[in-house]
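If you want the building blocks of each chain, they are given just below.
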Amino acid sequence: MRVAFHTLGCKVNQYETEAMREAFEARGAESVSENEAADVYIVNTCTVTNIADRKSRQYIRRMKSANPNAFVLVTGCYAQVAADEIIAMDEVDMVIGNGLKSEICDKVFAEYERRINGTAEAEADGSEVKVLGRSELNYFEDMGNVVSSELGTSRAYIKIQEGCDRFCSYCLIPYARGPVRSRPLEAIIEEAKLLLDKGFKELILTGINTALYGTEEGYSFDRLEGEEDMTPMEAVLSRLDDIDMDFRIRLSSLEPTVVDKEHVERIIRFRKLCHHLHLSAQSGSTSVIAAMNRHYTAEEYMDIVDAIRRFDPLYGITTDIIVGFPGETEEDFEDSLKLVEHSMFGRVHAFRYSPRRGTVGASMKDPVRGEVKAERIDRLIAAGEASAAAFIEANRKVSHKVLTEERDGGLVTGYTDNYIKVYIEDVAEELPIGEFVTVQLMDAYEDGCLGRVSEKGE
């Protein structure tokens, strides 16, 4: 059996696709590129925006067209919230929702064998749908230890958390992913050690709302000496910090809906934690933030930024900002631009608001006209690019440890711990891949910065 995967959306989806890929390969399937002919295509979908839904449908059709006789299975968040819509597509044979991805390998093998042996019994509509309701998504799905990474051989994801209970008024994800569930701490450390033994040097802790790790009712772990006053997230970082190997930890994101300045100050002290956090602002206007059902003010967000900057003026901070949320005035939007200017973000992910059916925002009045959204997002992108340029400029002539990842002609690429992509000249091809190299950052280049090796190794 030849199986191909396509993943849309977040880091959690990427991690779960790797888990599925490993399960298929362990059963003897050959994993191939999505651009190759395959017997089975699995599309792991996203539904964070209308555009994500459309891209999911496009990839389903594209993969089926590569082999009209292939078996096509659709999973992920779009499959979870719109299973009927997806199964109605002629190209789709099976839909499996979130919380059931660990079953996909067995289901596909069983169906494939029935088809090969000519014993498949057609369903009434020739297809199958299996999706759990939100209340049934009440467990952390064990997909085993994942010891490969779509990021290459230097960095790898570890999923530590699932679900969200914040219900931001623009967001479908709490419905698509269910309530908060946390992975056992011991399982996280076990997977981390396996990845480190395979040579990975950066472990990226990810989840649907990572800051909610261990906050659900009933979650507990056996505390070690010194962990009496730690939150579950701090305990994870502490246990990883204590592993006596040369590596670093990166948090994929922290939500200001969950953490405040004091919480962040406690987290950023860990020695192996990268000096980079993704903090989703979504808006710089306190009134818009409130309408989004996000429980902080613009001032409280900037307090977090300022606390991080006091700890390290070159700490990398990235963010998401939505333009055109219902009721957003020009003054509100100007507040978002001021937030960007204040924060010196390393990267701003700019999104144009699109109503998602089933959310509170979809029924809100006072929508922002499309041409206004278009004009504002252009201004936000420009502000984000200026902010990123200022951050690069602040890091010029500063030496950072870079984890090398890829060789591209005479350049080697990798990231600093504060999340700047660095292009290092290496004409002689002597730099090792998958190792830390001390690099002095020079001038802005493409989506990052040129670097010059100042010292190899530590």
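Treat the numbers as computed from the prediction; the structure is a model and nothing was measured.

Colleague: Please clarify how unusual backbone geometry should be interpreted in this entry.
Modeller: In most cases, non-glycine residues show a negative phi, while peptide bonds are predominantly trans. One non-glycine residue, Asp 366, adopts positive backbone phi at about 65 degrees. Locating Asp 366 in the fold gives a position in the loop between β13 (347-352) and α13 (370-395). In this structure, Glu 446 takes a positive phi of about 50 degrees despite not being glycine. Residue placement: Glu 446 occurs in the loop between β17 (436-445) and β18 (448-456).

Colleague: Help me understand the side chain of Glu 328, please; the structure alone is not making it clear to me.
Modeller: Inspection of the secondary structure puts Glu 328 in the loop between β12 (316-323) and α12 (330-343). Polar side-chain contacts of Glu 328 include one of 2.9 Å to the side chain of Arg 376. Setting aside residues no more than four positions away along its own chain, Glu 328 makes contact with Val 288, Ile 322, Val 323, Phe 333, Val 368 and Arg 376.

Colleague: When you look at α12 in this model, what are you seeing that I'm missing?
Modeller: One turn of the α-helix equals 3.6 residues, which is why residues spaced by three or four share an orientation. Between the first and last C-alpha of α12 there are 20 Å, a value that for 14 residues agrees with the 20 Å anticipated at 1.5 Å per step. Buried within α12 we find Asp 332, Phe 333, Ser 336, Leu 337, Leu 339, Val 340 and Ser 343. On an axial view of α12, the arc spanned by its buried residues comes to 155 degrees, and they lie on one face. Exposed residues pointing more than 90 degrees away from the buried face of α12 are listed as Glu 331, Lys 338 and Glu 341. Positive phi shows up at Met 344, right after α12, with a value of about 50 degrees.

Colleague: Teacher, can you tell me more about the nonpolar core here?
Modeller: The nonpolar side chains of a soluble globular protein tend to be buried with one another. Formed by 55 residues in total, the largest nonpolar core has its most connected members in Leu 205 and Leu 277. Considering each element in turn, this core owes the most residues, 6 residues, to helix α7 (residues 185-197). Ignoring anything within four residues of it in the chain, the contact list for Leu 205 reads Ile 158, Ile 160, Thr 210, Val 236, Leu 237, Leu 240, Ile 249, Arg 250, Leu 251 and Ser 252. Counting 25 residues, the second largest nonpolar core, distinct from the first, contains Val 3, Ala 29, Leu 100 and Ile 204.

Colleague: Please clarify how helix α1 (residues 11-26) should be interpreted in this entry.
Modeller: If you check α1, its first and last C-alpha atoms are 23 Å apart, about what 16 residues at 1.5 Å a residue would give, namely 22 Å. If you check which residues of α1 are buried, you get Val 12, Asn 13, Gln 14, Tyr 15, Glu 16, Thr 17, Glu 18, Ala 19, Met 20, Glu 22 and Phe 24. Phi turns positive, to about 100 degrees, at Gly 28, one or two residues after α1.

Colleague: Can you walk me through a negative patch on the surface in this structure?
Modeller: Together, Asp 260, Glu 299, Glu 300 and Asp 303 make up a negatively charged patch on the protein surface. Inspection of the secondary structure assignment puts Glu 300 in helix α11 (residues 298-311).

Colleague: Which parts of the structure should I look at to understand the packing of α1 against helix α5 (residues 104-117)?
Modeller: Two packed helices can be described by the angle between their axes and the distance between those axes. Two elements in contact, α1 and α5, have axes whose closest approach is 9 Å; the angle formed by their N-to-C orientations is 45 degrees. In terms of axis orientation, α1 runs oblique to α5. Crossing geometry of α1 relative to α5 is assigned as right-handed. Here α1 contributes Met 20, Ala 23 and Phe 24 to the contact with α5, which in turn contributes Ile 104, Cys 105, Val 108 and Phe 109. Taken together, the residues that form the contact of α1 with α5 break down as 7 nonpolar, no polar and no charged.

Colleague: Help me understand the packing of α7 against helix α8 (residues 232-241) in this model?
Modeller: α8 packs onto α7 with a crossing angle of 35 degrees between their chain directions and a minimal axis gap of 10 Å. Crossing of α7 over α8 shows right-handed handedness. Seen from α7, the contacting residues are Leu 185, Ile 188, Ile 189 and Ala 192; seen from α8, they are Ala 235, Val 236, Arg 239 and Leu 240. Across the contact of α7 with α8, the residue classes break down as 7 nonpolar, no polar and 1 charged.

Thresholds, definitions, all that
- Residues numbered from 1 in each chain as written.
- Predicted model: local features only at pLDDT ≥ 70, side-chain atom pairs only at ≥ 80, totals over all residues.
- Heavy atoms only, no water.
- Helix = DSSP H or I, 4+ residues; strand = E, 2+ residues; numbered from the N terminus.
- Polar contact = N/O pair within 3.5 Å; in protein donor to acceptor, adjacent residues only side chain to side chain.
- Contact = heavy atoms within 4.5 Å.
- Expected span 1.5 Å × (residues − 1).
- Buried < 20%, exposed > 50% of the residue type's maximum accessible area, 1.4 Å probe, protein only.
- Arc of directions from axis to C-beta.
- Core = buried A, V, L, I, M, F, W, Y, C linked by side-chain atoms within 4.5 Å.
- Patch = residues over 30% accessible without salt bridge, like charges linked within 9 Å, V, L, I, M, F, W, Y side chains within 5 Å.
- Areas by Shrake-Rupley, 256 points an atom, 1.4 Å probe, with all protein chains shown as cover.
- Salt bridge = Lys/Arg side-chain N within 4 Å of Asp/Glu carboxyl O.
- Lys, Arg positive; Asp, Glu negative; His and termini not counted.
- Charge placed at Lys NZ, Arg CZ, Asp CG, Glu CD.
- Axes fitted to C-alpha atoms, helices over the stretch in contact; angles between N-to-C directions.
- Parallel < 35°, antiparallel > 145°, perpendicular 65-115°, else oblique.
- Left-handed = near helix turned anticlockwise from the far one by under 90°.
- Nonpolar A, V, L, I, M, F, W, Y, C, P; charged D, E, K, R; others polar.

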